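Chain residues, written in single-letter form:
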Amino acid sequence: MKRIIATLVILATAAVSAAAAIVSPVVTPAKGEKAFTIHLMGDSTMAPKDLSKGNPERGWGMMFPNFLDGKVEVMNYAQNGRSTKSFIDLGLWDKVRENLKAGDYVFIEFGHNDAKEDDPQRYAPAFGAYLENLRTFVRTAQAAGAHPVLLTPVSRRWFKGGKLDLNCHTDYPAAMRQVAEETGAPLLDILKLTQDWISGLGDEASAEFFMHIAPGTCPACPDGKEDNTHTKANGARKVASLVCQAISGCEALGELAGHLATPADIVVAQDGTGDYFTVQEAINACPDYEHAHITTIHIKAGTYKEMVTIPHNKFRLHIKGDGAENTIITYDKYATRHWPGTDRVMGTSGSASVYVHSSYVTFEDLTIENTAGEGKEIAQAVALFTDGDFLFFHNCRLIANQDTVYTYGRYGKEGGIKRNYYLDCYIEGTTDFIFGPSIAYFEGCTIHSKKNSYVTAASTFEGQKYGYVFHNCRLTADEGIDKCYLGRPWGAYAKTVFIECELGSHILPEGWHNWEKEGKPNTEKNSYYAEYRNYGPGAADRKQRVKWSYQLTPKQAAEYTFEKVMYQPQDGIVWNPFDNK
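Residues numbered from 1 in each chain as written. Predicted model: local features only at pLDDT ≥ 70, side-chain atom pairs only at ≥ 80, totals over all residues. Heavy atoms only, no water.

(A) Highlighting the environment of Arg-533. Relative to the helices and strands, Arg-533 resides in the loop between β36 (528–532) and β37 (550–551). Sequence separation between Arg-533 and Thr-553 is 20 residues, and the spatial gap between their C-alpha atoms is 9.3 Å. Setting aside anything within four residues of it in sequence, one finds Arg-533 in contact with Glu-500, Cys-501 and Arg-542. (Helix = DSSP H or I, 4+ residues; strand = E, 2+ residues; numbered from the N terminus. Contact = heavy atoms within 4.5 Å.)

(B) Structural context of the pairing of strand β13 (residues 295–299). Counting buried positions along β13 yields four of five residues, so the element is predominantly enclosed. Sheet analysis places strand β12 (residues 266–268) next to β13, joined by three bridges and oriented parallel. Within the sheet, the bridge partner assigned to Val-267 lies in β13 and is His-298. One crossover worth recording links β12 to the parallel β13 by way of helix α10 (residues 279–285), and it is right-handed. (Buried < 20%, exposed > 50% of the residue type's maximum accessible area, 1.4 Å probe, protein only. Pairing = 2+ DSSP bridges. Right-handed = clockwise from strand over helix to strand, strands pointing away.)

(C) Molecular detail of the packing of helix α6 (residues 190–201) against helix α8 (residues 233–248). Following both chains from N to C, one finds α6 and α8 inclined at 130°, their axes separated by 10 Å at the closest point. Put simply, α6 runs oblique to α8. For the element pair α6 and α8, the recorded crossing hand is right-handed. Along its contact with α6, which presents Ile-190, Leu-193, Thr-194 and Trp-197, the element α8 presents Gly-235, Lys-238, Val-239, Leu-242, Val-243, Gln-245 and Ala-246. Class assignment for the residues of the contact of α6 with α8 results in seven nonpolar, three polar and one charged. (Axes fitted to C-alpha atoms, helices over the stretch in contact; angles between N-to-C directions. Parallel < 35°, antiparallel > 145°, perpendicular 65-115°, else oblique. Left-handed = near helix turned anticlockwise from the far one by under 90°. Nonpolar A, V, L, I, M, F, W, Y, C, P; charged D, E, K, R; others polar.)

(D) Inspection of the nonpolar core at higher detail. With 56 residues, the main nonpolar core has Ile-319, Phe-363, Tyr-422 and Phe-442 as its most contacted residues. Sort the elements by how many residues they give to this core and α10 lands first, with three residues. Apart from the residues within four sequence positions on either side, Phe-442 is in contact with Tyr-422, Ile-427, Ile-434, Tyr-468, Val-469, Phe-470, His-471 and Cys-473. (Core = buried A, V, L, I, M, F, W, Y, C linked by side-chain atoms within 4.5 Å.)

(E) Inspection of the pairing of strand β16 (residues 317–320) at higher detail. By the alternation rule, side chains of β16 split into Leu-317 and Ile-319 and His-318 and Lys-320, which are all buried. Pairing analysis gives four bridges linking β13 to β16, with the strands arranged parallel. In the strand pairing of β16, Thr-295 is matched with Leu-317.

(F) Quick look at the pattern of salt bridges. If you walk through the whole model with that rule in mind, you get 28 salt bridges. When the shortest N-O distance is used, the salt bridge between Arg-135 and Glu-132 registers 2.2 Å. Of this pair, Arg-135 and Glu-132 both sit in helix α4 (residues 126–143), three residues apart, which is roughly one turn of the helix. By relative accessible area, which is 14% here, Arg-135 ends up buried. Notably, a salt bridge pairs Asp-332 with Arg-337, separated by 3.7 Å at the nearest N-O pair. Relative accessible area serves as the criterion here: at 23%, Asp-332 is assigned to the partly exposed category. For Arg-337, a relative accessible area of 31% translates into the label partly exposed. (Salt bridge = Lys/Arg side-chain N within 4 Å of Asp/Glu carboxyl O.)

(G) Looking closely at the packing of α4 against helix α5 (residues 172–183). The interhelical angle for the contact between α4 and α5, taken along N-to-C directions, is 35°, at an axis separation of 9 Å. Of the two possible hands of crossing, α4 and α5 adopt the one that is right-handed. From α4, Ala-126, Phe-127, Tyr-130, Leu-131, Leu-134, Arg-135, Val-138, Arg-139 and Gln-142 reach across to α5, where they touch Tyr-172, Ala-174, Ala-175, Met-176, Gln-178, Val-179, Glu-182 and Thr-183. Considered class by class, the residues forming the contact of α4 with α5 number 11 nonpolar, three polar and three charged.

(H) Just the state of the cysteines, in detail. Taken as a whole and judged by the stated rule, the model has zero disulfides. Free cysteine Cys-250: the closest other cysteine sulfur is in Cys-244, separated by 13 Å. Not engaged in a disulfide, the cysteine Cys-396 finds its nearest cysteine sulfur in Cys-425; these two sulfurs lie 4.9 Å apart. (Disulfide = S-S within 2.5 Å.)

(I) Here's a closer look at the sheet that holds strand β17 (residues 327–331). Read from one edge of the open sheet, eight strands run β14-β17-β20-β23-β26-β29-β32-β35, paired in parallel fashion. In the strand order of this sheet, the two ends are held by β14 (302–305) and β35 (502–503), each with one partner. Both strand β23 (residues 397–399) and strand β26 (residues 426–429) contribute to a ladder of three bridges, which runs parallel. Bridge pairing links Leu-398 to Ile-427 in β26.

Printed below as a string of C-alpha cells:
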C-alpha cells in the first residue's frame, strides 16, 4: 500500500524593499542534497513583493520554484525598478558574484527600466550600456564556471486598436539577442511567449492576470489600479510556466530541464509564493463536481490558523503539505463556546477545525489540530470532522484532546456508507478521541493517549459489518497514564477490532467498557469488540479481557483486510486510495 511520493519544494521568502541599496536575495532552499542554484537577476516582473495590506502583485520569480524539484535552490535578487545599470550600481550584482558557484545558473532578464531616458539612475541605451552590462553579466558567470541564461523581458500588456503592441520594448530584445550570439549564452524568448499568451487571450480576458484592481477592493491600492506591466498571482504563475516551457525547448538547458516538475494545481503559501494565502481560499477555488481530474493542492510550510470546510461539491482533491511537522492547520473552537452573538453553544459537531463533507479527498504530510485545550469548561473540541466517502489520510498528525477525530458519516439510511483510511498517521487525544459511525481503517498509525480514559467510541450502524479496524498500529501514552480502555460503545452496535497492534502498558487488562446507559441497553450483547495477535504490555493477559469481547481466529482475522473492509456490496467499488478518484 505504501509508496514514496515526491515532496515539493519548501519556499522561505521575505519581502524586499525596492529602495534598498544592498539586500540579501530571497532564497528558496532545496531539500536534501542540492544539485545547483539558480540565481535570478531582473526587475519588478521577476521580483519578490511587499505583501502588506493584501497586495496582490507577484513577480514570476516568486512562483518559479514551484515548477522545480527539491534539488534546486533559487536565489531571487530581482527588485522593483531595477535596470542593468542600477542593478550594478546598487551592489546587487556584487551579491550575485559572491554567491555564484561553478555549475550554477544565472537567469538575466532586464529591459523594462533600462529604456527610461528621463531617469539617469537607470537609463542604459539598448546598444550602449545595456549591451555592455549584459556582456559583463554573461562573461563573469561563464568565467566562474556557471551557466548564464538570457531572458527577453516579459511583454507589457499594451493594446492599441484591439491589437497588442509587439514593439513595447523597442531595441532591447534585439540587443539581448546580439549578446547571446556573441557569447553563446542560451536565450529564452520570454517576450515572444508572453506576447502570444496575451494576444491569444485578448484585451479583456488578459486584464484578469495583471494588476487591474477595482477601487475599494484592496487595502494596498484603495483607489484602484490599472497596471499593464505587473502581474497578480495567476499571471505570475503563467509567466513562470512559460519560462519552464522555454527551458524545456532549449537543448543547451537539458540538465536544468531535468529538474522541472509539475506544480500542484493550486499552491497555498503565507509568503506570497502561492496562488492563495489560506487553505479555505484554495478549497473555494477548486472546480465544482469534478469527475475526471484530481485537483492537487500544495500547502507550503506554515501554521494556518483557520477553520477549513470542504463542501460536498468540491471532491477529488489531493491536499499535500510540506511534512506533518511543518504544515499545520489549526483552530480553537470547542463545544461549550457560544456562537457569536447568541446564547447557543457550538456543541461537538460545531467545534471542528477541519470539516470534510466531500468524497474522494486525500490529505498528506500535514497536521490538523484543535488547540482549544481540555477540561469541563472546554468539553469536546474536534480537530477533524469527516462526512464524506473514500477519505484518505497519509502521514498526517491529528491532534486535540477530547474527540480528536469525528468520523461523522451521515446519520440515517439516506447517508450511505462512509469510508476513511488512515495510513502512517499520528493521532492523539484524551477521551473518545476516535469516534463516530463511519467505517475507518487505521494502518501503521500511532494512537497516543494523554489521559486515563477511552481511546475509541464507535457508533457503528446496526447491521453494518465493519466499524473501526486498527492494523499494525502502536498505542502509546503520556508518562503516568495507566488506565485506558481500547474503546466503549457510543452507539449500542459499536464495532472495533485491533489486529497485530502493539498495546502499551496504559491499556487496562479488561480492555473494553460497556458504557450502558438509558437509551442504550444491551451494549455487551450488541457491540462487537475483538482482537487478533496484539502484543505488548497491554495485550499480555488476554484472559482478563471482558468476557463479551472476542479473540479472533486466523480465518476470522482474514476478513479484516483493507480490501475487504473497504469493499461494500452496496456500491461494488474497489478503492485504490493512492489513485483517489
